[in-house]
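# Structural overview for review
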Amino acid sequence: MTKPLVFTGNRFDRAAQFRNDPVWLEQKMADPSTRFLPMHRLKALIELAGDPCIDWRGLADVQEFIDQGATLVFLGIADFAAHFAVDVSAIENPKAVPNSDWGKFIDVRSVSSQLRPGEAGALAQARSMLAWHENHQFCSVCGCKTAVNELGYSRKCVDEACNASHFPRTDPVVIMMVTRGDYCLLGTGHHFPKQQYSALAGFVEPGETIEQGVRREVFEETGVKCGDVRYHSSQPWPYPSSLMIGCFAEALTEEITLDEVELADAQWFSKEDVRLMLARSGTTETPRMSPPMAIAHQLAKAWVEE
């Protein structure tokens, strides 16, 4: 069985019908089965004894932070228990909290590929939501402060004359394996590790379809024109909150005119080249493909296995 893409295994029932029910929330906060994920500056509390896993906590461990106004986000219900994320970033050093046994707060990107799919999906949800709250403290309509609403799924302006509601956004990104016969087009960015290649990618713009976004991005970055576009799969990417839309695109032209602002290099590679590059992922050998946790790696793998 194919292993799910990292961040795609979220198994929570998000139970949106309870987000405006204060009685339900009170009951869940008093329920000993309710679990909380402490997040410190967007790093997650991870248990490292044995296989890495989320260090879910009971209310007693996070009550102090909730009482002090820490952002609380309802993630959903799994195994008949409600799960929340709690932002404990207000404390400088989590390990210095009296009577706490905090483990290690770890960057989500570095640990997610080691977790079970459901836990990696939970981290994607928690990190994206808390990053959104961190960046939307003020109303974009009037500039006044906003307050958490709907158990974390909106913020509302505190100025009653404005009363504007704001909702989390997910940015669609197309990422595409551009192919022409037994060759594919890959690029590398200026910030990439040396000679690490990936599928081309870019944000979908307002008023665009996925297909239009694919064709525009490929042409802008390489000058290559594409025809048929075919959807493959998608992947949440919580940096801070994107949805990677994986596609295959059929190239109509071959000549590359590189946009040197966007890319450091772009080349056509044969299937044999890509097989070798996939095998080199995670090593220092070059050229190599982006790591397995990235959807670009999985698109390349699917192409060479066709």
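Everything discussed here concerns the structure shown above.
The following paragraphs examine the structure supplied in this document. (Residues numbered from 1 in each chain as written. Predicted model: local features only at pLDDT ≥ 70, side-chain atom pairs only at ≥ 80, totals over all residues. Heavy atoms only, no water.)

## What to know about the overall build of the chain
Across its full length, the chain holds seven helices and 17 strands. In terms of overall dimensions, the chain has a C-alpha envelope of 60 × 50 × 35 Å along the principal axes. Within the chain, residue pairs in contact and separated by at least 24 positions form 63% of the contacts whose partners lie at least 6 positions apart. Approximately 15600 Å² of the chain is accessible, and the part contributed by carbon and sulfur atoms is 51%. Placing the 29 positive and 41 negative side-chain charges of the chain at their respective mean positions leaves the two points 3 Å apart. (Helix = DSSP H or I, 4+ residues; strand = E, 2+ residues; numbered from the N terminus. Contact = heavy atoms within 4.5 Å. Areas by Shrake-Rupley, 256 points an atom, 1.4 Å probe, with all protein chains shown as cover. Lys, Arg positive; Asp, Glu negative; His and termini not counted. Charge placed at Lys NZ, Arg CZ, Asp CG, Glu CD.)

## So, the pattern of salt bridges
The final tally for this structure, using the stated rule, is 14 salt bridges. We note a salt bridge from E119 to R116, for which the minimum N-O separation is 3.5 Å. On the basis of relative accessibility, which here comes to 10%, the residue E119 falls in the buried class. Note on R116: relative accessible area 53%, which makes it exposed. The salt bridge involving E272 is made with R275; its shortest N-O contact spans 2.5 Å. A residue pair is termed a helical-turn pair when its members lie 3 or 4 positions apart in one helix, as E272 and R275 do in helix α6 (residues 271-279) at three residues. Classification of E272 by relative accessible area gives exposed; the value is 56%. Each member of the salt-bridge network shares a partner with another, and the members are E205, E208, R216, E217 and E220. (Salt bridge = Lys/Arg side-chain N within 4 Å of Asp/Glu carboxyl O. Buried < 20%, exposed > 50% of the residue type's maximum accessible area, 1.4 Å probe, protein only.)

## Observations regarding the packing of aromatic side chains
Using the criterion set out here, one finds 11 aromatic pairs in the structure. Seen from their ring centres, F7 and Y239 are 6.3 Å apart, and the 65° between their planes marks the pair as edge-to-face. Here F7 is found in the segment before α1 (22-30), whereas its partner Y239 is found in the loop between β14 (226-237) and β15 (242-251), with 232 residues between them in sequence. Ring centres of F36 and F84 lie 5.4 Å apart, and the angle between their planes is 20°; on these two criteria the pair is classed as stacked. Placement of the pair is F36 in strand β1 (residues 35-40) and F84 in strand β5 (residues 81-87), with a sequence separation of 48 residues. Assigned by exposure class, F36 and F84 land together as buried. Here the aromatic cluster, defined as three or more aromatic residues joined through ring pairs, consists of F18, W24, F36, F74 and F84. (Phe/Tyr/Trp six-rings, centres within 6.5 Å; stacked < 30°, edge-to-face > 60°.)

## Topic: helix α2 (residues 59-67)
Restricting attention to buried positions, one finds in α2 the residues V62, F65 and I66. The buried residues of α2 occupy one face: seen down the axis, they fall within an arc of 100°. Facing away from the buried side of α2 by over 90 degrees, the exposed positions are A60 and D67. Tucked inside the fold, the buried residues of α2 contact α1, β1, β4 (72-78) and β5. (Arc of directions from axis to C-beta.)

## Re α1
All of the buried residues along α1 are W24, K28 and M29. For α1, the angular spread of the buried residues around the axis is 130°, confining them to a single face. Of the exposed residues in α1, those oriented more than 90 degrees away from the buried face are P22, V23, E26, Q27 and A30. On its buried face, α1 sits against β1, α2, β4 and β5. Two or three places before V23, at the start of α1, stands the capping residue D21, its side-chain oxygen 3.1 Å from that residue's backbone nitrogen. (Polar contact = N/O pair within 3.5 Å; in protein donor to acceptor, adjacent residues only side chain to side chain.)

## Here we look at the sheet that holds strand β8 (residues 154-157)
Read from one edge to the other, the open sheet built from three strands follows the order β7-β8-β9, with strand pairing classed as antiparallel. The open sheet is flanked by β7 (146-149) and β9 (165-166), the only strands paired with a single partner. In this sheet, β9 lies alongside β8 in antiparallel orientation, the contact comprising two bridges. If you follow R155 over to β9, its bridge partner there is H166. Set on the sheet, helix α4 (residues 117-134) makes contact with β7, β8 and β9; between it and β8 the angle comes to about 15°. (Pairing = 2+ DSSP bridges. Axes fitted to C-alpha atoms, helices over the stretch in contact; angles between N-to-C directions.)

## Let's talk about the nonpolar core
Soluble globular proteins: nonpolar side chains tend toward being buried together. Of all hydrophobic cores here, the largest spans 51 residues; its most connected members are F7, L37, L123, M177, L186 and V274. For this core, the leading source of residues is α4, giving eight residues. Among residues more than four places away in sequence, those in contact with V274 are C184, L186, F269, A300, W303 and V304. Judged by nonpolar contacts, the second largest core, of 19 residues, contains A15, L72, F74 and V86. (Core = buried A, V, L, I, M, F, W, Y, C linked by side-chain atoms within 4.5 Å.)

## A closer look at the side chain of H166
Structurally, the position occupied by H166 is in strand β9. Once residues lying within four places of it in the same chain are set aside, the contact partners of H166 are W132, C139, S140, V141, T146, S154 and R155.

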